[in-house]
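# A look at the structure
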Amino acid sequence: MAPPRRTAGLALLLFLGACGFFQSYAVEVDVKDASNVTCLYAQWMMKFLIKYETNSSDYKNASLDLTSAVTHNGSTCGSDTQAALLAVQFGDGHSWSVNFTKSNETYQAEFITFTYNTNDTAVFPDARRQGPVTIAVKDAMHPIQLNNVFVCHHTTSFEAENVTQIFWNVTMQPFVQNGTIGKKESRCRADTPTAVPTVLPTAANVTTASTTISPAPTSAPKPAGNPVTGNYSLKTGNKTCLLATVGLQLNVSQDKTLLINIDPKSTRADGTCGNTSATLKLNDGNRTLIDFMFVVNASASVQKFYLKEVNVTLLNHQNGSVILSADNNNFSKWDASLGNSYMCRKEQTLEINEGLQVHTFNLWVQPFLVKENKFSIAQECSLDDDTILVPIVVGAALAGLIVIIVIAYIIGRRKSYAGYQTL
């Protein structure tokens, strides 16, 4: 890694760390069998981003991290015929679990179950739905050779039912044989040969341990001028339901300012389309996650859509840990009549918070009623409307000419009066 880029990344981590962004905890679970030897071992970090409805029918985003106090009640070893279960409980009624099955000489994760409790008012203030909410998703983990340790330093994230689950620094092995953790690693695809090696765990008699971990220094993309414009789209079945063309740049500032351009070549588009709301989720190579939420204003005489919310999560490129997570759900921008598109070629700025801005370039977006995979008629922003400048310039010129004429008239009158006085 080039020294200048490493220095820039380190500076970013230092000032973000000083602001308290590194609040995630690592959890370590060592499950014992009846003979008091290790049968399941895991160490990992995770974070949850949750969108929930408030009593005012608005939507907010909550960030849920592991706390320092984690229990693992219900975790089981598993066998040839019974699945192994890794289960943890944390915070005010939150829990997470994953089960593993064994087949011949391999094992793999099957389902991940996550329960969050909206009665936790510190995390979910003013939540309309009260009580625990459970979601279950199928894990995409490939089969791993028995007695191998599954390792994934980089970020893995997926979304289901308004919940984004983010994992990193994972070391995991179910069905441990003879109480000895395997010495051979099976790496996830995101990890590269240059990734920081994992220190293999020992089979010490530890049930649950939690320590605060600061991520290693990372490098941030080095921008060169304005960002490249990317083309993104979403589909419902075979039908395109959202179109977006935009160049994106993050402005992260604290003691120093860092500009990060989003690279369309490495950015994946995902999200949801609906009749009254749509969300475009952009993932720049598991380094930057940006969500744009659009809604329809049905109360107006003419139905319009507008950008209501933007969420940004900045990840450590080296180990995938969360550096920054911020959102603003009070926007009322990029509005256009329903069925039309919105365009703004000039640079615009979205203020997420005091330390984070999103700059957009060459924007063209249509989140609703897309027909034939094409943008509809565009309503342009005032910055692009050159027709407004013409009357302004002409008016200013006329005003200046009138002022000159008036001044010349006054001066002429004064000279005429002075000549008359001398007679």
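It should be noted that the structure appears before, not after, this text.
Below: a short report on this structure. Predicted model, so just to flag it, every value in this text is computed and none were measured.

Calculation rules
- Residues numbered from 1 in each chain as written.
- Predicted model: local features only at pLDDT ≥ 70, side-chain atom pairs only at ≥ 80, totals over all residues.
- Heavy atoms only, no water.
- Helix = DSSP H or I, 4+ residues; strand = E, 2+ residues; numbered from the N terminus.
- Buried < 20%, exposed > 50% of the residue type's maximum accessible area, 1.4 Å probe, protein only.
- Contact = heavy atoms within 4.5 Å.
- Areas by Shrake-Rupley, 256 points an atom, 1.4 Å probe, with all protein chains shown as cover.
- Salt bridge = Lys/Arg side-chain N within 4 Å of Asp/Glu carboxyl O.
- Core = buried A, V, L, I, M, F, W, Y, C linked by side-chain atoms within 4.5 Å.
- Patch = residues over 30% accessible without salt bridge, like charges linked within 9 Å, V, L, I, M, F, W, Y side chains within 5 Å.
- Pairing = 2+ DSSP bridges.
- Disulfide = S-S within 2.5 Å.

### Topic: the overall build of the chain
Helix and strand counts for the chain come out as two helices and 27 strands. A burial count over the chain gives 45% of its 423 residues as buried. A separation threshold of at least 6 residues defines the contact pool for the chain, and within that pool the share at least 24 residues apart is 59%. In the structure as shown, the chain presents an accessible area of about 21500 Å², 54% of it carried by carbon and sulfur atoms.

### Considering the pattern of salt bridges
If you walk through the whole model with that rule in mind, you get 13 salt bridges. D30 is paired through a salt bridge with K32; the nearest N and O atoms lie 3.5 Å apart. Taking relative accessible area as the criterion, D30 reaches 2% and is therefore assigned buried. One salt bridge connects E159 with K281, and the closest N-O pair in it is separated by 3.5 Å. You can see E159 sitting in strand β11 (residues 156–160) and its partner K281 sitting in strand β19 (residues 277–284), a full 122 residues away along the chain.

### Let's talk about the nonpolar core
Membership of the largest hydrophobic core comes to 46 residues, with the highest contact counts inside it found for W44, M46, L86, F90, W96, F100 and F114. Sort the elements by how many residues they give to this core and strand β2 (residues 38–53) lands first, with eight residues. In this structure, L258, A326, V358 and F368 belong to the second largest nonpolar core, which totals 40 residues.

### Side note on a nonpolar patch on the surface
A cluster of nonpolar side chains, I402, V406, Y409 and I410, forms an exposed patch at the surface whose accessible area comes to about 390 Å². Structurally, the position occupied by I402 is in helix α2 (residues 386–422).

### A word on the pairing of strand β15 (residues 230–236)
Pairing geometry for β15 and strand β16 (residues 239–253), over seven bridges, is antiparallel. Counterpart to T236 in the pairing with β16 is K239. The antiparallel pairing of β15 with β16 creates a hairpin that spans two residues between the two strands, and G237 there sits at a positive phi of about 70°.

### Side note on the state of the cysteines
Counted by the stated rule, this structure contains four disulfides. In this model C39 forms its disulfide with C77; the gap between the sulfur atoms is 1.9 Å. Between C39 and C77, the S-S dihedral sits near -65°, and the bridge is therefore left-handed. Placement of the pair is C39 in strand β2 and C77 in the loop between β4 (70–71) and β5 (84–90), with a sequence separation of 38 residues. Each disulfide pairs two cysteine sulfurs, and for C152 the partner residue is C188, the sulfurs being separated by 2.0 Å. Taking the torsion about the sulfur-sulfur bond, which here is approximately 75°, the covalent link between C152 and C188 counts as right-handed. Note that C152 is positioned in strand β10 (residues 148–152) and C188 in the loop between β13 (184–187) and β14 (208–212), a separation of 36 residues in sequence. For C152, a relative accessible area of 3% puts it in the buried group. Indicated for the chain is the disulfide connectivity 1-2, 3-4, 5-6, 7-8, based on numbering the bonded cysteines in sequence order.

### Re the environment of D58
Note that D58 resides in the loop between β2 and β3 (59–65). Apart from residues lying up to four places away in sequence, D58 is in contact with Y52, E53 and K308.

### Digging into the side chain of T164
Structurally, T164 can be placed in strand β12 (residues 163–173). Relative accessible area serves as the criterion here: at 13%, T164 is assigned to the buried category. Each residue touching T164, except ones within four places of it in the same chain, is listed here: K47, F48, L49, F158, E159 and K281.

So, to be careful, I would describe these as geometric facts and stop short of saying anything about function.
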